[in-house]
Structures are given as structure tokens and as C-alpha cells.
Amino acid sequence: SLCYSLLPGRIYINWEGREERGSVKKQDYQAVRQDIKQRLLHFTHPQTGAKIIDKVFFREEIYSGPYLNDAADIIVEPHRGFDLKAKVGSDAQLFENSHISGMHTYDDAFIMARNCDISSVVSIQDVKAAILGK
């Protein structure tokens, strides 16, 4: 395989030398990531034709620091109304209705704080400084 996902929306390239049975050579890594990104961005629902994927990021576009290489190679954000789930088994389907109807979204989180000024928080990256009072 070229890639795998253990967490919905987090894709790891099956990179030779990093993965036990890696199949993607180092010189092909960028091309494989780009190909997967383009395929995901053109992914549509088979009945409605609605685009499923809103954004696709390479890890270095989101993360930085000493643990960057531990992050997923590709991070996928679905359009509103689509929730990336994982299911394994012979009856697994790509699109199905589930009794589970809740889902996480990126633009409707909130912060509640006591004895802490959070008026300067506009992004998740601002939370630490607000909590520490810096």
C-alpha cells in the first residue's frame, strides 16, 4: 500500500525505511503525497456529487518542532456535514448512515475559563499564553 490511516483524517505514507514494510521510496515521497492530496480534493459523494473533502494539508503546513516527523504526513479536513470515520470488516462501507450522529468540527469549539482572561484568544495557539497569563 502507498499509505494508511489509523485515525480518521490522518494519513501516513508507507515510507520505506520508516515503516516496517514501507513501499514508497524516499525520492517518490513528495509526488505520492501530492497525488493523494489531489485525489482527496476531488472525492465526491456517489449519490449527491457533493465534495467531501474541504482541505488537505501536509504536516509541515500545520505542525512544527522536534516531533514533526511523528505527525501524519497528510491531514484531511472534510466539508461540513461529512465526518471521517473508520470501520474495519467485511461489511464496512465507504458511505453509510450510522446511529452515531454527532461529530467534531473545527470552527465551533469554545473555551471556558475561570479567573483567566481569555479575551485575547482567537486561535488554539493563543490558549497556552492566556492560561499562563503571558
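Presented here is a report on the structure given in the accompanying data block. (Residues numbered from 1 in each chain as written. Predicted model: local features only at pLDDT ≥ 70, side-chain atom pairs only at ≥ 80, totals over all residues. Heavy atoms only, no water.)

## Regarding the pattern of salt bridges
Taken as a whole and judged by the stated rule, the model has seven salt bridges. Ionic pairing is found between Arg33 and Glu60, a salt bridge with its closest N-O pair at 2.6 Å. With Arg33 in helix α1 (residues 29-41) and Glu60 in helix α2 (residues 59-62), this residue pair connects regions lying 27 residues apart in the sequence. Using a relative accessible area of 0% as the deciding quantity, one classes Arg33 as buried. Given a relative accessible area of 41%, Glu60 falls into the partly exposed group. Note that Arg39 is salt-bridged to Asp35, the shortest N-O span being 3.0 Å. On the criterion of helical spacing, the pair formed by Arg39 and Asp35 is a turn pair, its members being four residues apart in helix α1. On the basis of relative accessible area, Asp35 is assigned to the partly exposed category, the value being 34%. Salt bridges sharing common partners tie together Arg18, Glu19, Arg59 and Asp73. (Salt bridge = Lys/Arg side-chain N within 4 Å of Asp/Glu carboxyl O. Helix = DSSP H or I, 4+ residues; strand = E, 2+ residues; numbered from the N terminus. Buried < 20%, exposed > 50% of the residue type's maximum accessible area, 1.4 Å probe, protein only.)

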